[in-house]
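Spelled out, the chains give:
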Amino acid sequence: MHDSTSHLRVSGGDQDLMRRMLGGGEEAFVELYARHQGPLFRFSLHMTGSTTMAEDVTQDVFLALMVHGRRFDASRGNLRSFLFGIARNHILRRLDKERGLQSEPEDFDVPSDVDALEDLTRRETIEGVRRAIVSLPRVYREAVVLCELEECSYEEAALVLECPVGTVRSRISRGREMLARKLEGIAQARSV
């Protein structure tokens with residue numbers, strides 16, 4: 001199907017891009033993907049701890065957007081919140097399905113031009129933070145990832161998590177405390 005607005009430069013707001021995508025505009029879908037793929041992938045990665053699962057969830061979100069995009073209601077929130085909500089639902093289903101299975105650590109190639117010890121230390125730190133985030137109870141992890149890492153407002157997070165703003169605030173506060181203790185434990189273990 002030819003998009004009658006394809007001659008226009010693909011820019012503008014998400015609502016305009018959604019309208020054009022739902023009308024068959026492939027370029028509008030590509031623009032929406034470019035705008036939102038990175039944050040959705042990061043959210044999924046922080047929630048699952050698995051690159052493979054994060055990639056799958058991100059792909060599932062955009063497939064759902066193509067199939068069910070008409071369900072987006074701008075009066076209820078912005079597209080980013082809508083997409084995070086879809087991602088959250090896919091993540092929860094996958095985590096329920098995968099419960100009890102341990103994920104294998106991923107292999108990383110160390111570039112030859114980088115000091116191997118420095119690179120290893122950096123990777124261990126990143127992996128320690130990632131493990132600490134993934135180990136938070138889900139309700140705190142969701143709030144921390146959305147607001148602290150993905151920089152959603154409390155209102156956006158409340159829409160995604162389907163809870164009051166005050167609940168988001170308390171979950172972030174509690175999540176920060178728990179995360180600080182976990183990271184403190186990691187730092188102490190390294191210094192021994």
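Quick caveat, the model's predicted, so the values are computed rather than measured.

(A) The packing of aromatic side chains, seen in detail. Inspection of every chain in the model, using the stated rule, returns four aromatic pairs. Seen from their ring centres, Phe29 and Phe62 are 6.1 Å apart, and the 90 degrees between their planes marks the pair as edge-to-face. A residue pair is termed long-range when its members are at least 10 positions apart, and Phe29 in helix H2 (residues 26-48) and Phe62 in helix H3 (residues 51-68) qualify at 33 residues. Comparing Phe29 with Phe62 shows no difference in burial state: the two are buried. An aromatic cluster of at least three residues, connected via ring pairs, comprises Phe29, Tyr33 and Phe62.

(B) Up close: the side chain of His36. By the secondary structure assignment, His36 is in helix H2. Residue contacts for His36: discarding those within four places in its chain leaves Asp14, Phe62, Leu79, Arg80 and Leu83.

(C) Quick look at the confidence of the model for the chain. This prediction gives the chain a mean pLDDT of 80; 77% of its residues lie at or above 70. Segment residues 1-11: pLDDT under 50, and 17 contacts once partners within four positions in sequence are set aside and those in other chains are kept. Counting contacts from residues 102-114, a segment whose pLDDT is below 50, to residues more than four positions away or on other chains yields 10 contacts.

(D) Structural context of the environment of Thr167. If you trace the backbone, Thr167 turns up in helix H8 (residues 165-191). The sequence separation of Thr167 and Ala143 amounts to 24 residues, and the corresponding C-alpha distance is 9.3 Å.

Conventions adopted
- Residues numbered from 1 in each chain as written.
- Predicted model: local features only at pLDDT ≥ 70, side-chain atom pairs only at ≥ 80, totals over all residues.
- Heavy atoms only, no water.
- Phe/Tyr/Trp six-rings, centres within 6.5 Å; stacked < 30°, edge-to-face > 60°.
- Helix = DSSP H or I, 4+ residues; strand = E, 2+ residues; numbered from the N terminus.
- Buried < 20%, exposed > 50% of the residue type's maximum accessible area, 1.4 Å probe, protein only.
- Contact = heavy atoms within 4.5 Å.
- pLDDT = per-residue confidence, 0-100.

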